[in-house]
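Listed here are the chains, written in short residue letters.
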Amino acid sequence: MILTNARLIFPDAIRDGLEVGVENGKIMAIRTRTGSSGNDAVDLTGNYLAPGFVDLHLHGAVGRDTMEASAGAFRAICDYHAGGGTTSLLLTTATAPIKAIIDVLNAVRDCRSSIPQIAGVHVEGPFISKAKRGAQRAEFIRDPTPQAVEKLLEHVDLIKRITIAPELPGALDAIEQFSKYGVSVSGGHSDAWDEQARAAFERGMRSVTHTFNCMSSARRDGIYRKAGLLEFALSEPQITCELIADGHHVSATLIKMLYRAKGVRGISLVTDATAGAGLPNDSKFLLGGLDCIVRDGVCLVADGSALAGSASRMIDLIGTMVHDVGLPLYEAVAMATTNPARAVALHTKGELKIGCDADFVIISPDLDVLQTFSDGEQIFNHSRRHATRPF
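For every chain, the first residue of the written sequence is number 1, and numbering continues from 1 onward in sequence order. Per-residue local features of the predicted model are confined to residues with pLDDT of at least 70, and side-chain atom pairs are confined, for both listing and counting, to 80 or more; whole-chain, interface and lining totals are unaffected and use all residues. To get the side-chain values, all heavy atoms of the structure are used, and hydrogens and water are removed first.

Participant: Explain the sheet that holds strand S10 (residues 118–124) residue by residue, including any values.
Facilitator: The strand order across the open sheet formed by 8 strands is S6-S9-S10-S11-S12-S13-S16-S17, and the pairing between neighbours is parallel. Of all strands in the sheet, those bounded by a partner on one side alone are strand S6 (53–58) and strand S17 (267–269). The pairing of strand S13 (residues 207–208) with strand S16 (residues 240–243) spans 2 bridges and is classified as parallel. Counted as the bridge partner of Ser207 is Thr240 from S16. Strand contacts of helix H1 (residues 71–82): S6, strand S9 (86–92) and S10, with the helix running at about 140 degrees to S9, the strand carrying the most contacts. Here, two residues are considered to be in contact whenever any of their heavy atoms come within 4.5 Å of each other. Every axis in this analysis is a line fitted to C-alpha atoms, fitted for helices over the stretch in contact. Angles between the N-to-C directions lie between 0 and 180 degrees. Comment: elements are numbered from the N terminus, with helices defined as DSSP H or I runs of at least four residues and strands as E runs of at least two. In the packing of helix H2 (residues 98–111) onto the sheet, the strands contacted are S9, S10 and strand S11 (159–164), and the crossing angle to S10 comes to about 175 degrees. Two strands qualify as a pair provided that DSSP identifies no fewer than 2 bridges between them.

Structure, rendered in structure tokens:
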């Protein structure tokens with residue numbers, strides 16, 4: 001397959017006059033346009049060609065939730081988000097008993113080979129702060145004991161990312177253990193002080209979960225004002241910040257502040273989409289067993305007291321970064337591709353580069369997703385509004 005007549009989006013620029021050659025699901029060539037035609041040529045009619053989006057934090061869609069631990073739920077979630085350009089994602093758990101989380105891990109193991117968008121699992125909870133739990137169920141929150149950590153480490157081949165509150169008893173040892181096995185450790189749902197965040201960094205924490213949301217910030221400790229997890233993340237160059245840029249979780253001004261502090265390379269866009277994504281207004285759904293509702297395009301816990309993830313797809317976040325924050329399109333795309341792929345060591349994802357997987361998203365000038373490809377095969381076509389390849 002040869003993808004031609006497109007504007008290619010790289011992390012540092014948008015380039016014209018190139019075409020991409022694909023063979024056996026890999027990018028085999030990026031070269032000056034040759035005027036190729038025939039059955040192997042795909043004319044993209046001047047639209048943008050970007051790497052497929054990589055979402056590190058995604059709970060669900062269209063009424064389905066990762067915690068269902070079923071292939072049917074996973075397929076529905078991946079299908080919906082393919083329409084937003086996502087070709088790699090981490091199915092994200094909610095705070096629940098360890099057994100329920102392991103059920104998800106086992107279900108992912110059983111079907112991962114047949115659903116290529118699944119890059120692994122992000123374990124969010126139960127090792128979080130009750131004070132910063134957000135839409136997580138308080139009754140299942142627990143400390144990361146050696147026994148609980150050991151049970152999860154038995155599935156370390158599937159766990160690509162885990163969110164831990166650094167201030168919990170046992171958290172530092174857990175962070176070191178997960179990091180040793182190559183799991184990306186993210187500080188989040190946390191009430192940590194600056195020194196606790198730094199201790200976690202020294203043990204291997206290299207990111208923070210949904211920046212600005214459910215995390216401690218500057219406050220007084222006696223007569224002194226001290227930083228929290230937020231300020232530590234903003235100040236430490238080696239920390240990558242997740243960002244839910246859906247227009248609801250974080251204001252444009254706060255996003256601009258984050259961009260000034262972290263630069264392009266320090267931000268990974270995540271949807272944190274829940275089962276309400278793709279449902280009509282006033283639809284009810286569950287998030288890890290918690291009653292929630294979609295209201296005016298926003299996912300909320302049923303009593304309206306807190307956000308419950310987002311109703312967005314990755315292309316929506318890119319639109320926010322371009323239209324509301326004023327970033328160049330190529331920078332916004334880097335935050336949805338190169339940065340998250342690097343954060344969890346997905347070495348063949350997130351770039352238009354020879355040898356990388358042929359994961360692509362075709363985007364119109366109006367930032368609509370027109371087509372999505374995974375390993376060189378079309379999984380979404382806007383004209384048909386559904387995934388075109390059976391999983």
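Participant: Outline the packing of H2 against helix H3 (residues 146–153), supporting the account with residue identities and numerical values.
Facilitator: At a minimum axis separation of 10 Å, H2 and H3 run at an interaxial angle of 10 degrees. If you check the angle between H2 and H3, you find them roughly parallel. Touching Ile98, Ile101, Ile102 and Leu105 of H2 are Ala148, Lys151 and Leu152, all from H3. For the contact of H2 with H3, the per-class residue count stands at 6 nonpolar, no polar and 1 charged. An angle counts as roughly parallel when it lies under 35 degrees, as roughly antiparallel when it exceeds 145, as roughly perpendicular when it falls between 65 and 115, and as oblique in every other case. Here the nonpolar group is Ala, Val, Leu, Ile, Met, Phe, Trp, Tyr, Cys and Pro; Asp, Glu, Lys and Arg are the charged ones; every other residue, Gly included, is treated as polar.

Participant: I'd like to hear about the environment of Ala82, residue by residue, with values.
Facilitator: Following the sequence through the fold, Ala82 ends up in helix H1. Note on Ala82: relative accessible area 1%, which makes it buried. Considered as a pair, Ala82 and Leu346 are 264 residues apart in the sequence and their alpha carbons are 18 Å apart. Residues contacting Ala82, with those up to four places away along its chain left out, are Gln117, Val369, Thr372, Ile379 and Phe380. Exposure categories follow from relative accessible area, calculated using a 1.4 Å probe and restricted to protein chains: below 20% of the type maximum is buried, above 50% is exposed, and the middle band is partly exposed.

Participant: Got a sec to walk through empty space enclosed by the protein? Specific residues and values, please.
Facilitator: Cavities and pockets are defined on a 1 Å grid built over the protein atoms alone: a cavity is a set of grid points where a 1.4 Å probe fits but cannot escape, while a pocket is an open set with protein on both sides within 12 Å along at least five of seven lines, and lining residues are those with an atom within 4 Å of any such point. Grid points are joined across faces, edges and corners, and a volume is the space filled by probe spheres set on the points. Throughout the structure, instances matching the rule amount to 1 cavity of 30 Å³ or more. As for the largest cavity, its lining consists of Ile9, Phe10, Pro11, Pro51, Tyr330, Val333, Ala334, Thr337, Thr338, Gly350, Glu351 and Leu352. At the level of elements, strand S1 (2–10) and helix H9 (329–336) are the ones that each hand at least two residues to the lining of the largest cavity. The greatest single-element share of the lining of the largest cavity, amounting to 3 residues, is contributed by H9. Within the lining of the largest cavity, the residues separate by chemical class into 8 nonpolar, 3 polar and 1 charged.

Participant: Please set out the pattern of salt bridges residue by residue, giving values where relevant.
Facilitator: We count a salt bridge whenever a side-chain nitrogen from Lys or Arg sits within 4 Å of a carboxyl oxygen from Asp or Glu. One pass over the full model with this rule turns up 16 salt bridges. The partner of Glu19 in a salt bridge is Arg31, with the nearest N and O atoms 2.8 Å apart. Here the residue Glu19 occupies a position in strand S2 (residues 13–23), and Arg31 occupies one in strand S3 (residues 26–32), the gap between them amounting to 12 residues. Of the charged contacts, one joins Asp357 and Lys349 as a salt bridge, the two residues approaching to 2.8 Å between their closest N and O atoms. Summarising the burial analysis for this pair, Asp357 and Lys349 share the class buried. Each of Lys26, Lys349, Asp357 and Asp359 takes part in salt bridges that share partners, so that together they form one network.

Participant: Tell me about the confidence of the model for the protein chain, residues and numbers included.
Facilitator: Where the model shows low pLDDT, its predicted coordinates should not be examined in detail. Values of pLDDT, ranging from 0 to 100, describe the predictor's confidence in every residue of the model. Residues of the protein chain with pLDDT of at least 70 account for 98%, and the chain-wide mean is 95. Between residues 386–391, whose pLDDT stays under 50, and residues either more than four places distant or in other chains, the model counts 21 contacts.

Participant: Before we move on, can you summarise the nonpolar core with the specific residues and values?
Facilitator: One broad rule of soluble globular proteins: the nonpolar side chains tend to lie buried together. By convention a nonpolar core is built from buried Ala, Val, Leu, Ile, Met, Phe, Trp, Tyr and Cys residues, the set being connected through side-chain atoms within 4.5 Å. Among the nonpolar cores identified, the biggest contains 89 residues, and Leu152, Phe178, Leu269 and Met321 are the most heavily contacted of them. The leading source of residues in this core is H2, at 8 residues. With sequence-adjacent residues up to four places away left out, Met321 is seen in contact with Leu243, Ala245, Ile255, Leu269, Gly326, Leu327, Ala332 and Met335. Listed in part, the 16 residues of the second largest apolar core include Phe10, Val22, Ile362 and Phe373.

Participant: Go over the pairing of strand S18 (residues 284–287), please, and point to the residues and values.
Facilitator: Residues Phe285 and Leu287 of S18 are buried on one face, while the alternating residues Lys284 and Leu286, pointing to the opposite face, are not. Bridging between S18 and strand S19 (residues 290–295) involves 4 bridges; their strand directions are antiparallel. Across the sheet, residue Lys284 finds its bridge partner in S19, namely Ile293. In textbook terms, the turn of a hairpin is the stretch between consecutive antiparallel strands, and for S18 and S19 this stretch comprises 2 residues, one of which, Gly288, has a positive phi near 55 degrees.

Participant: Can you tell me about the layout of surface pockets, naming the residues and giving the values?
Facilitator: In this structure, the largest pocket spans a volume of roughly 210 Å³. In terms of lining residues, the largest pocket is bounded by 19 residues, among which Ala135, Cys214, Asp272, Leu307 and Gly309 are the most central. Broken down by class, the residue content of the lining of the largest pocket amounts to 8 nonpolar, 8 polar and 3 charged. What the second largest pocket holds in volume is close to 170 Å³. What lines the second largest pocket is Arg161, Ser184, Arg206, Ser207, Pro237, Ile239, Thr240, Arg265, Gly266, Asn339, Arg342 and Ala343. With 3 residues, helix H10 (residues 338–343) is the single largest residue contributor to the lining of the second largest pocket. Across the lining of the second largest pocket, the residue classes break down as 3 nonpolar, 5 polar and 4 charged.

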